[in-house]
Amino acid sequence: MTTESTNRQKSNAFRLLAPGVVWMILFLVAPIMMIVYVSFWTQTTFSINSTLTLESWKNFFGSEAYVGALWTTIRLWLIVLAMTFLIGYPAALYVGLLVKSKTVSTILLVLCVIPFWTSFLIRVLAWRPMLGKEGAINIILQKFGLIDSPIEVLLFSELSVIIGMTQIYVVFMVGPIAFMLGRIDRNIIEAARDLGAGFGRIFWKIIFPLSLPGVVVGAIFVSVMVLGEFATSGALSGRKVNLLGNIIVTQVGSLKWAMASVVGVILTILLGIVVAGFLRIVDLKREI
Amino acid sequence: MESKVLKPMLGVYVGLFILFLYGPFIVLGILSFQQGPEGGPQFPIIEWSTYWYKHLFGLTPPSRIAPLPVGEALIRSLVLAFMTMVTSTVLGVMAAQAFRKRFRGAGLVFYLIVLGMMVPGVLTGLGTSLLANNVVGIERHWWSTAFLAHVVYTFPFAFLVMLAILNRFDGSVEEASWSLGVSPIRTFRKVTFPLIFPGVLSAMLFAFTLSFDEFPRTLFASGRDQTLPLAIYGTFSVEIHPNIFAFGVMTTLFSFALLSVYGILMALSVRRAKKVAMQEDIS
């Protein structure tokens, strides 16, 4: 290839990329930098000015409520992550690997995705009549005589937040895992079976390792969404569960931008550690 | 063998799993037919009625329950989703086109774009508001600041969809067109674009639906006029009535209508592609 045409292609690529790159720098990178910057601003009751101070940071780490929210966020994230994995993996295993027919597998996947065509907030809200004292679950359990009095802990508790988030986000775990399982060469499994390996052995030695990139992608999806959550915890816990996201919303609501920014930076750092950690387990670039 | 037992067991499990996914939605659908206006958003159903659907459209006599402020919010959300769809699809197609050739810094640019879907919405929204308030000094609106934040979110999706499509794309047809002296722009319009059209359609669908339902970014970045998700969020803090459930059913039906249009367009474009391929086989 001549240098001239290479040059032309280079400037072509540049022209094609420039708008998107500029957009992301101006409206994504700059806003995040701004959050870091504002977290050091001086906050007074009614206004905020750009004199730099560590006051908001001290306030955050000096307050039990704020630090508590950090731990609640981490705890809930770990629980929801584990739940989406434990509930999602068997479903993905069936859909991605055990169903022989491509059509059935596609239909099942589509069935899993359909609930996502309802507004996210209404999906959150729909858990209220499910879990309440006179909710569907309690009514059904009582009808079958499994319980005498309604289970009250189902709604407005940490449990309701976990149930809600698991249902809302589990599909993001199922999808990538089913995709990776679908790509496994069935001949490998046949060969292992012919050599006398049982299903458990085949699963741990072949299927699970090959599905690991899917698990990691799913875990990243779920983590990103759960760590930034505030609507589900707000609506289903009756304000009993405060996540970092809830604090940001409350602080912005009372125009405490500096404190909101501090929490924003902490959330960013937390997320950065989590995603970097997952990417260490599996080299995604090599897998895809 | 164990898998003889395992497979039917997992089959039953998947059935339960799908019930888990649909449970809340079934309950929501049932409760949307609650009697009005006294019937609450919980069981039992006092009497089946379509009261809350009529309430939604303002067809019921006035009661103490305020109608959902969805009319204008719906239009705003549709316009915003449309703007977001067009912008992010154009950006996505352009960026993915650039990625067909290797260039220095490709990894960095890739992560920069993908970052948009990785950063929690609440942070994008917060940062955008801070910039608008304190640096640029403009008022926030759904069509300005919220729009910028929405594209940050949907552009990566459009980009990834187009990247997947273009990875499987045979460049020789384009080269043939260029060597016949057709200009690059005309080649893109007449050759490349029809071939990548299914991808473009998927990218558009993604961008539209993600933006239409986008909430955390919009909450901070949209200023005083509400979009649809914000109108729904507003009901969270007050007493909930089954009108919100009726509305949930309606939006789902709307989504399905949209999905059907997508399906039809997709089927048409696949059929056309097949026809072209057949003609080529004959000649």
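Quick caveat: nothing in here was measured; it's all calculated off a predicted structure.

J.: Looking at this structure, how should I read the environment of Gly20 of chain A?
T.: With respect to the helices and strands, the residue Gly20 of chain A is situated in helix H1 (residues 3-38). Judged by its relative accessible area of 2%, Gly20 of chain A is buried. Leaving out residues up to four positions away in the same chain, Gly20 of chain A has contacts with Leu91 and Phe155 of chain B.

J.: For this particular structure, what's the right way to read empty space enclosed by the protein?
T.: A probe as big as a water molecule, rolled over the atoms, marks out the empty space that is left. The tally for this structure, following the rule as stated, stands at two cavities of 30 Å³ or more. Its boundaries defined by the atoms lining it, the largest cavity holds a volume of some 70 Å³. Looking at the largest cavity, the residues that line it are Pro115, Thr118, Ile122, Arg123, Ala126 and Gln167 of chain A together with Leu21, Pro24, Phe25 and Leu28 of chain B. Contributing elements (two or more residues each) for the lining of the largest cavity: helix H5 (120-125) of chain A together with helix H1 (2-31) of chain B. Of all the elements, H1 of chain B adds the most residues to the lining of the largest cavity, at four residues. Within the lining of the largest cavity, the residues separate by chemical class into seven nonpolar, two polar and one charged. If you add up the space inside the second largest cavity, you get close to 30 Å³.

J.: Just checking my understanding: could you explain the interface of chain B and chain A for this structure?
T.: A common measure of how large an interface is: the accessible area buried when the components associate. On the chain A side, the residues contacting the 83 residues of chain B number 78 residues. Summing both sides of the interface, chain B and chain A together bury roughly 7,100 Å²; the carbon and sulfur share of this comes to 83%. Broken down residue by residue, the surface that chain B buries against chain A is led by Phe20, Leu21 and Phe236 of chain B, which jointly contribute 9%. Counting across the chain B and chain A interface gives zero salt bridges. Taken together, the links from chain B to chain A amount to nine residue pairs in polar contact (both at pLDDT 80 or more). For the side of chain B that touches chain A, a count of residues per class yields 59 nonpolar, 19 polar and five charged.

J.: Sorry if this is basic, but what is going on with the packing of helix H3 (residues 71-98) of chain B against helix H10 (residues 228-237) of chain B here?
T.: Two quantities define a packed helix pair, namely the angle between the helix axes and the distance between the axes. Residues and elements named next belong to chain B. For the pair H3 and H10, the least separation of the axes is 7 Å and the interaxial angle reads 140 degrees. It follows from the interaxial angle that H3 and H10 lie oblique. Between H3 and H10, the contacting residues are Ala73, Leu74 and Ser77 on the first element and Leu228, Pro229 and Ala231 on the second. Along the lines of polarity and charge, the residues of the contact of H3 with H10 split into five nonpolar, one polar and no charged.

J.: Would you explain a positive patch on the surface in this entry?
T.: On the surface, Lys100, Lys102 and Arg186 of chain A together with Lys4 of chain B cluster together to form a positively charged patch. Following the sequence through the fold, Arg186 of chain A ends up in helix H9 (residues 186-194).

J.: What exactly am I supposed to notice about helix H6 (residues 145-167) of chain B here?
T.: Each α-helix winds once per 3.6 residues, and so residues spaced three or four apart point in a common direction. Residues and elements named next belong to chain B. The end-to-end C-alpha separation of H6 is 33 Å, in line with the 33 Å expected for 23 residues at 1.5 Å each. A maximum bend of about 30 degrees is found in H6 at Thr154, where proline Pro156 lies one to four positions downstream. Burial of H6 is extensive: 19 of the 23 residues sit out of reach of the surface.

J.: What is the right way to look at the pattern of salt bridges in this model?
T.: Pairing is possible between side chains that carry opposite charge, provided their charged atoms lie close to one another. Residues and elements named next belong to chain B. As enumerated under the stated definition, the model contains seven salt bridges over all chains in all. One salt bridge in this structure joins Arg100 and Glu174, with 2.8 Å as the shortest N-O distance. In this pair, Arg100 is assigned in the loop between H3 and helix H4 (106-118) and Glu174 in helix H7 (residues 172-179), connecting sequence segments 74 residues apart. We classify Glu174 as buried; its relative accessible area is 5%.

What counts and what doesn't
By convention here, each chain's residues receive numbers from 1 onward along its written sequence. Each chain is given a letter, starting from A, and each ligand a number, starting from 1, according to the order in which they appear as written. Per-residue local features of the predicted model are confined to residues with pLDDT of at least 70, and side-chain atom pairs are confined, for both listing and counting, to 80 or more; whole-chain, interface and lining totals are unaffected and use all residues. Excluding hydrogens and water, the side-chain values take into account all heavy atoms of the structure. Helix and strand assignments come from DSSP, with helices taken as H or I runs of at least 4 residues and strands as E runs of at least 2, each series counted from the N terminus. Burial classification: accessible surface area is computed with a 1.4 Å probe over protein chains only, and a residue below 20% of its type maximum counts as buried, one above 50% as exposed, and the rest as partly exposed. The contact rule is simple, with two residues in contact once any of their heavy atoms fall within 4.5 Å. With a 1 Å grid spanning the protein atoms alone, the term cavity applies to any set of points in which a 1.4 Å probe fits but cannot get out, the term pocket to an open set with protein on both sides within 12 Å along at least five of seven lines, and the term lining residue to any residue with an atom within 4 Å of a point. Grid points are joined across faces, edges and corners, and a volume is the space filled by probe spheres set on the points. Side-chain classes follow a simple rule in which Ala, Val, Leu, Ile, Met, Phe, Trp, Tyr, Cys and Pro form the nonpolar group, Asp, Glu, Lys and Arg form the charged group, and the remainder, Gly included, forms the polar group. A quick way to say it: buried area is the sum, across both parts, of accessible area lost when two parts are put together, with a 1.4 Å probe. One side-chain nitrogen of Lys or Arg within 4 Å of one carboxyl oxygen of Asp or Glu is enough to make a salt bridge. The definition of a polar contact used here is a pair of N or O atoms within 3.5 Å, where within protein one atom must be able to donate a hydrogen and the other to accept one, and adjacent residues in sequence count solely through side-chain atom pairs. Where helices are involved, their axes are fitted lines through C-alpha atoms of the stretch in contact, as for all axes, and angles between N-to-C directions lie from 0 to 180°. Roughly parallel here means an angle under 35 degrees, roughly antiparallel means over 145, roughly perpendicular means 65 to 115, and every remaining angle is called oblique. Residues enter patches when they are more than 30% accessible in relative terms and free of salt bridges; like-charged ones are connected within 9 Å and nonpolar ones (Val, Leu, Ile, Met, Phe, Trp, Tyr) within 5 Å. Residue burial considers only the protein chains on display, and all accessible areas are found by Shrake-Rupley using a 1.4 Å probe. Counted charges follow a simple rule, with Lys and Arg positive, Asp and Glu negative, and His plus the chain ends left uncounted. By convention, the charge on Lys lies at NZ, on Arg at CZ, on Asp at CG and on Glu at CD. Multiplying 1.5 Å by the residue count of a helix minus one yields the expected span of that helix. Two axes define the bend at a residue: one fitted to the seven residues ending there, one fitted to the seven starting there, and the bend is the angle between them.

Everything listed is a geometric property; what it means functionally is a separate question.
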